[in-house]
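A structural walkthrough
So you can see what is in the structure, the chains are spelled out below.
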Number of protein chains: 2
Amino acid sequence: MITKPTLLLDSDKCRKNMGRMAAKAAAKGLSFRPHFKTHQSLEIGRWYREFGVTKITVSSLSMAGYFSGEWNDITVAFPVNILEIETINELAWKITLNIQLENFESAAFLSENLRAGVGCFIKIDVGTHRTGADPKDTKNIEAVMDVIDSSDHMRFRGFLAHSGHTYRCTSKNEVIEIHEKTRGIMLELKQKYKNRYPDLILSVGDTPSCSLAENFEGLDEIRPGNFVFYDLTQENIGSNQIEDIAVAMACPLVAKHPERLELVIYGGGVHFSKDGLKTGSEGLIYGKVAEQHGLKWGSLVPGMVLKGLSQEHGIVKVPCHLFDKYKLGDLLYILPVHSCLTADLMKSFYTTNGELITIPRLV
Amino acid sequence: MITKPTLLLDSDKCRKNMGRMAAKAAAKGLSFRPHFKTHQSLEIGRWYREFGVTKITVSSLSMAGYFSGEWNDITVAFPVNILEIETINELAWKITLNIQLENFESAAFLSENLRAGVGCFIKIDVGTHRTGADPKDTKNIEAVMDVIDSSDHMRFRGFLAHSGHTYRCTSKNEVIEIHEKTRGIMLELKQKYKNRYPDLILSVGDTPSCSLAENFEGLDEIRPGNFVFYDLTQENIGSNQIEDIAVAMACPLVAKHPERLELVIYGGGVHFSKDGLKTGSEGLIYGKVAEQHGLKWGSLVPGMVLKGLSQEHGIVKVPCHLFDKYKLGDLLYILPVHSCLTADLMKSFYTTNGELITIPRLV
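Residues numbered from 1 in each chain as written. Chains lettered and ligands numbered in written order. Predicted model: local features only at pLDDT ≥ 70, side-chain atom pairs only at ≥ 80, totals over all residues.

So, about the overall build of chain A. Assigned secondary structure in chain A consists of 11 helices and 19 strands. For 363 residues, the compact-globule estimate of 2.2 N^0.38 gives 21 Å, and the C-alpha radius of gyration of chain A, at 22 Å, lies within 12% of that figure. C-alpha atoms of chain A, sized along the principal axes, occupy 70 × 40 × 35 Å. Excluding contacts between residues fewer than 6 apart, the proportion of contacts in chain A whose partners are at least 24 apart in sequence is 63%. (Helix = DSSP H or I, 4+ residues; strand = E, 2+ residues; numbered from the N terminus. Rg over C-alpha atoms; globule rule 2.2 N^0.38 Å. Contact = placed C-beta atoms within 7 Å.)

Now the structure itself:
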């Protein structure tokens, strides 16, 4: 019996999301290296095997260490942290490890300190302006390549991009425009360096582009992660339908305020995270309530949104005609705004088959 | 050696914050029942004993269960979750447990289902409009009192308020105004019901009021929590000085972008939380960089702020003249916007004495 905030996972929807993306990658001739930072679970990771997945992406060396027990080809899509050189060396001995470089300094440090072989991707800034080398700064890119080529332990694998700015889009057309721009930048790099590196890989990765784009010509690998669960942010972009969202938080109703048409739930920032979503009709929200069917859920309940969060409290707005339907002790099923952060906070999933899946805190 | 995002705790500053608040409570003749949701640690909780603390506040029954191993007088300052009646009964047998009521339905449920004695506070909405009974709705308040009085297992303890709207203040005067309004509402209730309950307690609790107000006449108990660490949000309100902040996140520098005057750190939303702070001069920020002194820290570095967060990445703005000072592999010490959520995410503290304090995930 659920008595506290509990993250429900619809394993059918989750597997369907995996299967759809795997099929798309296969149809486009792309290598599929899903990002595991969203689910962070060995168990859920195993489901990917059903769809032929053999290599994965993670966002920290801690996560790489955790998954290295079951996966032997891992790309860490995060700027290399030179302070963790010991971990890099340990993992590089154990598995096929790919790391991400973007400047001469880190490359030079690795060249001096690596004791086992790593694959090196150069991260390209395709417009998100978070990390990555400027694609026009070929002097920098080639300086990194020269270090890689002169090292016994480093091998150039290709260029890696993450069009994170698609997360700010609100339509398919905007996403496609960014994806095409990314593709253009990446193809130009391949063209420029294909003689030097005939096997170089172009790897891209955001969930909006991988969900919405059709043209992947010239690209080699995709690394989406969030699509495994999807969420309201992705639905707002257009990446998925509401029915594709594979996680929902079950939250006990603990107080009712008819004068404000508000329900207070046990479920706050320590469960959902404080990531909000700006919507046209309902302003800033933190979740939407779905109809409850046992441990599964159905359509959204129109007008029922999670409007406020403090540490343990959530405030749900409810239309007047539905107010009396909800009683103290009821569970509300709430679709999250950002499933990655919600899963990271909850560290466990209760599947619609009644199975409990826990994930460790990766420190 | 620190190689990954690590939450540093200056135990001297933390004890100083505890001592200052305990002394203030004593000087004002107030009972001091600190909120433990900020630190969530048995070890840090023990430090309070040095200042004579014998009773505590928590925000969930899970937390009450965790602390019940060492504390035998606990108030759960959260609307009672009737689904957890088994836990309530277990705890009520073991310790002095106080719960929070605000409506007839929960009171009636407890009256029928309690098998051990609990102290009952009626939560009063003093203007935050999150939870609590309307102080003017004496019909509701008295209906709850009647249930309590007719139950063998329930005892009325008093009124409990949380002026959470002080968190939206930006000056001491605004905080004092809210505090005085809260005091007025609470004193009126005491006046009204003191014949029925000669021992009734008025309990208030937010960190801004407890830090800034001087007039607590008529009130009986304070329950602040955040002050144990403080943070940039409280500093912005005026509750504390920068030098009172007792926690800082040490984050490895992983990339530099001179063209944008940005440093990329390993430290993101899964470490800091996504709670931001709107500042006048720097817009929305997620932290500020402090000078590093071994495992301690000093003043803020002017102009160095954490401007962006994704799951594991943080983006730090740095003034031009300081840019070259920072190298890959350096640690940046960052004061957090919201220490409660940051501590909850990190689940461990590395003290300035080199001790590691971990806290469990309370599910």
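What follows continues from the structure just given.
Listed per partner, the contact involves 45 residues of chain A and 45 residues of chain B. Grouping the constituent residues of the side of chain A that touches chain B by class yields 15 nonpolar, 17 polar and 13 charged. (Nonpolar A, V, L, I, M, F, W, Y, C, P; charged D, E, K, R; others polar.)

Let us look at the sheet that holds strand β6 (residues 118–124) of chain B. All names here are of chain B. Taken in spatial order, the eight strands make up an open sheet running β2-β9-β8-β7-β6-β5-β4-β3, and their pairing is parallel. If you trace the sheet from one side to the other, it starts and ends with β2 (31–32) and β3 (56–58), each paired once. Docked against the sheet, helix α6 (residues 138–150) engages β5 (96–101), β6 and β7 (154–161), running at close to 150° with respect to β7. (Pairing = 2+ DSSP bridges. Axes fitted to C-alpha atoms, helices over the stretch in contact; angles between N-to-C directions.)

Right, let's talk about the relation of the copies chain A and chain B for a bit. The operation relating the pair of chain copies consists of a rotation about an axis and a translation along that axis. Aligned on chain B, chain A shows an RMSD of 0.0 Å; the corresponding rotation is 180° and the shift along the axis is 0.0 Å. Seen this way, the second copy is the image of the first under a two-fold rotation axis. Proximity to the rotation axis, assessed at the C-alpha, singles out K274 of chain A in chain A; its C-alpha lies 2.7 Å from the axis. Interface overlap between copies: 100% of the residues of chain A at the interface are likewise at the interface in chain B, consistent with a symmetric, same-surface contact. (Least-squares fit on C-alpha atoms with pLDDT ≥ 70 in both.)

Now for the nonpolar core. Membership of the largest hydrophobic core comes to 230 residues, with the highest contact counts inside it found for A248 and V316 of chain A together with A248 of chain B. Excluding its chain neighbours within four sequence positions, the residues that come into contact with A248 of chain A are L8, A290, W297, Y333, I334 and L335 of chain A. (Core = buried A, V, L, I, M, F, W, Y, C linked by C-beta atoms within 7 Å. Buried ≥ 20, exposed ≤ 12 C-beta atoms within 10 Å, placed from the backbone.)

Residue and element names in this part refer to chain A. Strands sit in the order β2-β9-β8-β7-β6-β5-β4-β3 across an open sheet of eight strands; the sheet is parallel. In the strand order of this sheet, the two ends are held by β2 (31–32) and β3 (56–58), each with one partner. Where strand β8 (residues 201–204) lies against strand β9 (residues 221–222), two bridges are found, and the strand directions are parallel. Residue pairing across strands places S203 opposite E221, the latter belonging to β9.

Moving on: the pairing of strand β14 (residues 287–293) of chain A. Residues and elements named next belong to chain A. When β14 meets strand β15 (residues 296–309), the two strands line up antiparallel, connected through five bridges. Considered in β15, the bridge of A290 is made with L300. Connecting β14 to the antiparallel partner β15 that follows it, the hairpin turn spans two residues, and G294 within it adopts a positive phi of roughly 60°.

Bringing the domain arrangement of chain A into the picture now. Residues and elements named next belong to chain A. Domain annotation for chain A reports domain 1 (11–229) and domain 2 (242–358). Once you take the C-alpha centre of each, domain 1 and domain 2 turn out to be 33 Å apart. Residue-level contacts link 13 residues of domain 1 with 12 residues of domain 2. For the side of domain 1 that touches domain 2, the elements supplying multiple residues, two or more each, are α1 (11–27) and α2 (42–47). Looking at the side of domain 1 that touches domain 2 element by element, the count peaks at four residues for α1. Per-class residue counts for the side of domain 1 that touches domain 2 are three nonpolar, seven polar and three charged. (Domains from an automatic or database assignment.)

Residues and elements named next belong to chain B. For the pair helix α5 (residues 104–113) and α6, interaxial distance at closest approach is 9 Å and the crossing angle is 5°. Relative to α6, α5 is oriented roughly parallel. Between α5 and α6, the contacting residues are F104, A107, A108 and S111 on the first element and N140, A143, V144, V147 and I148 on the second. Of the residues assigned to the contact of α5 with α6, the class counts are seven nonpolar, two polar and no charged. (Parallel < 35°, antiparallel > 145°, perpendicular 65-115°, else oblique.)

A word on the environment of P198 of chain B. Residue and element names in this part refer to chain B. The topology assignment puts P198 in the loop between α7 (172–193) and β8 (201–204). Owing to 7 C-beta atoms within 10 Å, P198 belongs among the exposed residues under this scheme. In the structure, P198 is positioned 168 residues away from L30 in sequence and 17 Å away in space, judged by C-alpha atoms.

What follows is about the environment of Q40 of chain A. Residues and elements named next belong to chain A. Note that Q40 resides in the loop between β2 and α2. Under the C-beta neighbour-count criterion, Q40 is labelled buried, with 22 such atoms within 10 Å. Residues Q40 and C340 lie 300 residues apart in sequence; the distance between their C-alpha atoms is 9.0 Å. The residues touching Q40, leaving out its near neighbours within four places in the chain, are M63, A343, D344 and I359.

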